[in-house]
Amino acid sequence: ADRWGDTRTGASDASRRFASCRFGYLGSLNLAKLHPDYVALLGEVEQPGFKVRLIGDQLNRERLERQCMNAGHPGRLEFAGYRSDVAGELQSLDVLLYLLNPCHYGTAEIALLEAMAMGVVPVVMPNPSECQVVEHGVNGLVVRNAGELAQAVRRLSDDPAWRRSLGERAAA
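Owing to the predicted nature of the structure, the values given are computational and were not obtained by experimental measurement. (Residues numbered from 1 in each chain as written. Predicted model: local features only at pLDDT ≥ 70, side-chain atom pairs only at ≥ 80, totals over all residues. Heavy atoms only, no water.)

On to the environment of V120, then. By secondary structure assignment, the location of V120 is in the loop between helix 4 (110–117) and strand 5 (121–124). It is 8.9 Å that separates the C-alpha atoms of V120 and G140, two residues lying 20 residues apart in sequence. Beyond its immediate stretch of four places on either side in the chain, V120 contacts L90, L93, D94, V95, L96, A115 and A170. (Helix = DSSP H or I, 4+ residues; strand = E, 2+ residues; numbered from the N terminus. Contact = heavy atoms within 4.5 Å.)

Now for helix 4. Within helix 4, the full set of buried residues consists of A111, L112, A115 and M116. One side of helix 4 holds all its buried residues, which, seen down the axis, span an arc of 130°. In helix 4, the exposed positions angled more than 90 degrees off the buried face are occupied by I110 and A117. The inward-facing, buried residues of helix 4 abut strand 1 (23–26), helix 3 (86–91), strand 4 (95–98), strand 5, helix 5 (128–131) and helix 7 (160–171). Of the residues flanking the end of helix 4, it is G119, one or two places downstream, whose phi is positive at about 85°. (Buried < 20%, exposed > 50% of the residue type's maximum accessible area, 1.4 Å probe, protein only. Arc of directions from axis to C-beta.)

Below, the discussion takes up the packing of aromatic side chains. Think of a pair of aromatic rings as described by two things: how far the centres are apart, and how the planes are tilted against each other in angle. All chains considered together, the criterion is met by three aromatic pairs. Seen from their ring centres, F23 and F50 are 5.2 Å apart, and the 65° between their planes marks the pair as edge-to-face. Here the residue F23 occupies a position in strand 1, and F50 occupies one in the loop between helix 1 (38–42) and strand 2 (52–55), the gap between them amounting to 27 residues. Grouping residues by exposure puts F23 and F50 together as buried. Ring geometry for Y25 against Y38: centres 5.8 Å apart, planes inclined by 65°, an arrangement best described as edge-to-face. One end of the pair, Y25, is in strand 1; the other, Y38, is in helix 1, and 13 residues separate them in sequence. Accessibility classification places Y25 together with Y38 in one group, the buried group. Following the ring pairs from residue to residue traces out a cluster consisting of Y25, Y38 and Y98. Here K33 stacks its cationic end above the ring of Y105, 5.1 Å away from the centre of that ring. (Phe/Tyr/Trp six-rings, centres within 6.5 Å; stacked < 30°, edge-to-face > 60°. Lys NZ or Arg CZ within 6 Å of the ring centre and 35° of its normal.)

Let's shift gears to the nonpolar core. The biggest cluster of nonpolar side chains holds 51 residues, and the ones touching the most others in it are Y25, Y38, V52, L54, L77, L97 and L149. Of the residues forming this core, the biggest block, six residues, is contributed by helix 6 (residues 146–158). In this structure Y25 touches K33, L34, Y38, V52, R53, L54, I55, L96, L97, Y98 and L100, once residues within four positions along its chain are discounted. (Core = buried A, V, L, I, M, F, W, Y, C linked by side-chain atoms within 4.5 Å.)

Overall, the coordinates contain eight salt bridges when judged by the stated rule. The salt bridge partner of R61 is E65, with a shortest N-O separation of 3.0 Å. Of this pair, R61 and E65 both sit in helix 2 (residues 61–70), separated by four residues, roughly a single helical turn. Put simply, R144 and E148 hold a salt bridge, and the shortest N to O gap is 2.4 Å. Classification of E148 as buried rests on a relative accessible area of 9%. Through salt bridges with shared partners, a single ionic network connects R53, E78, R83 and E89. (Salt bridge = Lys/Arg side-chain N within 4 Å of Asp/Glu carboxyl O.)

Next comes the structure, spelled out in structure tokens:
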């Protein structure tokens, strides 16, 4: 098995059935919190129709949209804005791409805990706060770079049973 727990052999990415998978982020778009290279980290993802729904404030929206345009991925980010029905928003997601600034100020990461409690699979960077909650391959995924993120998105999209299993363990 590889780092992502994939034991399948002989199947090319093109031959794997693409399953609908909904990705999102919940929290501030302030770059003191959100990873400053969020758009660049998404850059290697090649899944058809891949989008990330950003739920939270609209801070840095224009900057993030411009980065998507410059990277050749206009519309990759869907800005939902602030929402009072957090539970409803989380129910609409399968995966939380919770990629935070390595120097962020968070200690408890309530948005991460809320998402996990609802069975949303977290994908995080190896920051101390997130790694206290997410164990790679057990209740979510820890990625170190854009290549690993692309690999995680592909596996989560291609393998709904594995995704559900991670989500169930995240909620446990």
